[in-house]
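The chain contents come next:
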Amino acid sequence: MQELDLLEEVKKSIGLGENNYHDQTILRYIAEVKQYLLDGGCSPKVVNSYSSSGLIARGVLDLWTPTGAADFSPYFKSRAIQLALKDDEDVQTE
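Residues numbered from 1 in each chain as written. Predicted model: local features only at pLDDT ≥ 70, side-chain atom pairs only at ≥ 80, totals over all residues. Heavy atoms only, no water.

Q: I would appreciate a short explanation of the overall build of the protein chain in the present structure.
A: When helices and strands are counted, the protein chain shows five helices and zero strands. Mapped in sequence order, the helices and strands of the protein chain form the string α-α-α-α-α. Relative to a compact globule of 94 residues, whose C-alpha radius of gyration would be 12 Å, the protein chain shows 13 Å and is just as compact. Projecting the C-alpha coordinates of the protein chain onto the three principal axes gives extents of approximately 35 × 30 × 15 Å. Counting only residues that meet the buried cut, the protein chain has 35% of its 94 residues in that class. The contacts of the protein chain with a sequence gap of at least 6 include a subset with a gap of at least 24, amounting to 59%. Of the roughly 5800 Å² that the protein chain leaves accessible, carbon and sulfur atoms contribute 48%. For the protein chain, the centre of its 9 positive side-chain charges and the centre of its 15 negative side-chain charges are spaced 3 Å apart. (Helix = DSSP H or I, 4+ residues; strand = E, 2+ residues; numbered from the N terminus. Rg over C-alpha atoms; globule rule 2.2 N^0.38 Å. Buried < 20%, exposed > 50% of the residue type's maximum accessible area, 1.4 Å probe, protein only. Contact = heavy atoms within 4.5 Å. Areas by Shrake-Rupley, 256 points an atom, 1.4 Å probe, with all protein chains shown as cover. Lys, Arg positive; Asp, Glu negative; His and termini not counted. Charge placed at Lys NZ, Arg CZ, Asp CG, Glu CD.)

As structure tokens, then:
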């Protein structure tokens, strides 16, 4: 999934829609979430697939906190483990 397409999907998922004001912050969080997934054992093919866009959006929302006490939710962590175990052949591309 292309970076700008993923950005738009994440913005829709977290309720920002067409708002472009926070794009740079969201892109930074997307990169952080993707690196977390890669470091956790997810293959690049899985991380960059359409099937990961919802989880990436959840991760961005978990990090998006005004208090500075960001942490990934239990759902995010459980789903990340599932994706780390996912076979590259089972990846949804669209």
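Picking up after the structure, the text goes on.
Q: What is the right way to look at the packing of helix H4 (residues 53-63) against helix H5 (residues 74-84) in this model?
A: For any two helices packed against each other, the geometry is given by the interaxial angle and the distance between the axes. Two elements in contact, H4 and H5, have axes separated by 10 Å at closest approach and are oriented at 145°. The hand of the H4/H5 crossing is left-handed. Within the contact between the two elements, H4 uses Leu55, Arg58, Gly59 and Asp62 and H5 uses Tyr75, Phe76, Arg79, Ala80 and Leu83. Of the residues in the contact of H4 with H5, the class split is five nonpolar, one polar and three charged. (Axes fitted to C-alpha atoms, helices over the stretch in contact; angles between N-to-C directions. Left-handed = near helix turned anticlockwise from the far one by under 90°. Nonpolar A, V, L, I, M, F, W, Y, C, P; charged D, E, K, R; others polar.)

Q: What am I meant to see in the nonpolar core here?
A: Within soluble globular proteins, side chains that are nonpolar tend to cluster in buried spots. Counting 22 residues, the largest nonpolar core has Val10, Ile30, Val33, Leu37, Ile56 and Val60 as the members making the most contacts within it. Filtering out sequence-adjacent residues up to four positions away, leucine 37 remains in contact with Cys42, Val47, Leu55, Ile56, Phe76 and Ala80. (Core = buried A, V, L, I, M, F, W, Y, C linked by side-chain atoms within 4.5 Å.)

Q: For this particular structure, what's the right way to read the environment of leucine 38?
A: Its location among the elements puts leucine 38 in helix H2 (residues 23-39). Judged by relative accessible area, leucine 38 falls into the partly exposed class, the value being 32%. Residues leucine 38 and serine 49 lie 11 residues apart in sequence; the distance between their C-alpha atoms is 13 Å. Apart from residues lying up to four places away in sequence, leucine 38 is in contact with Ser43, Pro44 and Val47.

Q: Where do I start with H4 in this structure?
A: In an α-helix, one turn spans 3.6 residues, which is why side chains three or four residues apart end up on the same side. Of all 11 residues in H4, eight are buried; the element is thus mostly enclosed. Along its buried surface, H4 packs onto helix H1 (3-13), H2, helix H3 (44-47) and H5.

Q: Whenever I open this one, the packing of aromatic side chains confuses me. Can you help?
A: Aromatic ring pairs are defined here through the distance separating the ring centres and the angle between the ring planes. Scanning the entire structure with this criterion turns up four aromatic pairs. Taking 4.2 Å as the distance between ring centres and 20° as the angle between the ring planes, the aromatic pair formed by phenylalanine 72 and phenylalanine 76 counts as stacked. The pair phenylalanine 72 / phenylalanine 76 is uniform in exposure class, with both members buried. Each residue in the set Tyr36, Phe72 and Phe76 is aromatic and connected to the rest through ring pairs, giving one cluster. (Phe/Tyr/Trp six-rings, centres within 6.5 Å; stacked < 30°, edge-to-face > 60°.)

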